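# Secondary and tertiary structure notes
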Amino acid sequence: MSEVKKIATRESYGNALAELGKQHEDVVVLDADLAGATKTSVFMKAFPERHIDCGIAEGNMMGVAAGLASCGKVPFCSSFSPFATRRCYDQIAVSVGYTKQNVKIVGTDPGIMAQVNGGTHMSFEDVALMTQVPDMIVVEPCDCVCLDKLFPQILNCDKPMYIRLQRKKTPAIYDDNAKIDLFKANTIVEGSDVTIIACGIMVHRARTAAALLKQQGISARVIALHTYKPLDTETILNACRETGAVVTCENHHLIGGLGSEIAALLMQNDICIPMTRVGIGDRYGEVGKEAYLAEVMHLTEQDIIEKTKEAVSRKK
């Protein structure tokens, strides 16, 4: 297990954008009056002529980005996740998706990570929305190393993309030597009794839960999934067949999220195994710190342990 240290993901994002800017003159950055919060200000200082502050007008930002992409630029658009998705969904679907423009949309602080900004800023539905846009790739790095490894691949992928990004400090999952493929999930803990598939902030919780479950005699395999769409079906199906039970963990609504996608995948492949899900119920968010929100919305390590035990017990 790698050392559990916390790194500010937004710092990595800002620095990665600036590095891309040095290497690729076609990279442009747009934000909605949040350059300081999302650290696109790093790019802005280095390349002011390639940074556009669109103000608090996210729909317009998507239209501008689509226009720039149609001229051969690669726009990165950043805002808080509810504003980068649901506030401007029609512009994303029509101006970006329908016309197949190579626009990279970055939504920060998804789900409970909005914390004290409250329910209006908590996007529990953004993955469900963005996976419904045809050809849209949907990605959520779990730590800074994952983000850094994925960034060149993101740039070289000539398709619209939604990147779900943590703005604040997150625990380290990978070391610098990790091999991370945009379209492949990573097994970070080996196990034979059950598969736990986690994304984003839930990866660290799943890894911690697996260590505690091991002490109780349950061998849990943990898969860190950074790409929701397209799913790495080979890794997921092989793990589910080998372990015979599966638990999904997501900082997102249970309706329309990772768990729903995995359930559909198993059904389509005639795999009938016990499955449980850890995620957010049919509700809005509220004001609170991460630890409190994780508890009231059942996203803790203990929630994962209980759901895992339930899945394993149903194997019998």
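Remember, predicted model here, so these are calculated numbers, not experimental data.

Looking now at the packing of helix H10 (residues 233-243) against helix H11 (residues 258-268). One can describe the packing of H10 onto H11 by two numbers: an axis separation of 11 Å at closest approach and a directional angle of 70°. By the criterion of interaxial angle, the relationship of H10 to H11 is roughly perpendicular. From H10, Thr-233, Ile-236, Leu-237 and Cys-240 reach across to H11, where they touch Ile-262, Leu-265 and Leu-266. In terms of residue class, the contact of H10 with H11 is made up of 6 nonpolar, 1 polar and no charged.

This brings us to unusual backbone geometry. Following Lys-229, the chain continues to Pro-230 via a peptide bond in cis, the omega torsion being 0°. With respect to the helices and strands, the residue Pro-230 is situated in the loop between strand E12 (227-229) and H10. A positive phi is found at Asp-33, a non-glycine position, where the angle reads about 65°. Relative to the assigned elements, Asp-33 resides in the loop between strand E2 (27-31) and helix H2 (35-38). A positive phi angle, close to 65°, is found at Lys-39, a residue other than glycine. Topologically, Lys-39 is positioned in the loop between H2 and helix H3 (41-46).

This brings us to the nonpolar core. Nonpolar side chains tend toward joint burial in soluble globular proteins. In this structure, Phe-76, Ile-112, Tyr-174 and Ile-196 are the most contacted members of the largest nonpolar core, which totals 62 residues. Broken down by element, this core gets its largest block of residues, 7 residues, from helix H8 (residues 144-156). Dropping the residues within four chain positions of it, Phe-76 is found in contact with Tyr-13, Leu-17, Leu-20, Val-27, Val-28, Val-29, Leu-30, Lys-104, Phe-151, Ile-154 and Leu-155. In terms of nonpolar packing, the next biggest core, distinct from the first, is built from 40 residues, Ala-69, Cys-88, Tyr-228 and Ile-271 among them.

Where strands meet in a sheet, backbone hydrogen bonds hold them as pairs that are either parallel or antiparallel. The sheet built from 5 strands is open, its strands ordered E9-E11-E10-E13-E14 with mixed pairing. Here the strands that pair on one side only, and so sit at the sheet edges, are strand E9 (186-189) and strand E14 (275-280). Neighbour to neighbour, the strand axes of the sheet diverge by 25° on average, direction disregarded. Relative to strand E11 (residues 220-224), strand E10 (residues 194-198) is paired through 5 bridges, and the arrangement is parallel. Bridge pairing in E11 links Ile-196 to Val-222.

A few words now on the pairing of strand E4 (residues 74-80). Regular strands place side chains that alternate from one sheet face to the opposite one. Counting buried positions along E4 yields 7 of 7 residues, so the element is predominantly enclosed. Relative to strand E5 (residues 104-108), E4 is paired through 5 bridges, and the arrangement is parallel. Within the sheet, the bridge partner assigned to Phe-76 lies in E5 and is Lys-104.

Tallying each qualifying case throughout the model produces 4 aromatic pairs. Relative to Phe-47, the ring of Phe-43 lies with its centre 5.1 Å away and its plane at 45°, an arrangement referred to as tilted. Looking at Phe-47, the relative accessible area reads 12%, which means it is buried. Joined through ring pairs, the aromatic side chains of Tyr-13, Phe-76 and Phe-151 make up one cluster.

A word on the pairing of strand E7 (residues 161-165). E7 sits mainly inside the fold: 5 of its 5 residues count as buried. Residues Met-161, Ile-163 and Leu-165 point to one face of E7 and Tyr-162 and Arg-164 to the other, with burial holding for every one of them. Where E5 lies against E7, 5 bridges are found, and the strand directions are parallel. Bridging from a neighbouring strand, Ile-105 pairs with Tyr-162 of E7. Across 3 bridges, strand E6 (residues 137-139) lies against E7 in parallel orientation. From the neighbouring strand, Ile-137 faces E7, where its bridge partner is Met-161. In this fold, E6 hands off to H8, which returns the chain to E7; that crossover is right-handed.

About the criteria used
Residues numbered from 1 in each chain as written. Predicted model: local features only at pLDDT ≥ 70, side-chain atom pairs only at ≥ 80, totals over all residues. Heavy atoms only, no water. Axes fitted to C-alpha atoms, helices over the stretch in contact; angles between N-to-C directions. Helix = DSSP H or I, 4+ residues; strand = E, 2+ residues; numbered from the N terminus. Parallel < 35°, antiparallel > 145°, perpendicular 65-115°, else oblique. Contact = heavy atoms within 4.5 Å. Nonpolar A, V, L, I, M, F, W, Y, C, P; charged D, E, K, R; others polar. Core = buried A, V, L, I, M, F, W, Y, C linked by side-chain atoms within 4.5 Å. Buried < 20%, exposed > 50% of the residue type's maximum accessible area, 1.4 Å probe, protein only. Pairing = 2+ DSSP bridges. Phe/Tyr/Trp six-rings, centres within 6.5 Å; stacked < 30°, edge-to-face > 60°. Right-handed = clockwise from strand over helix to strand, strands pointing away.

Geometry only, nothing functional implied.
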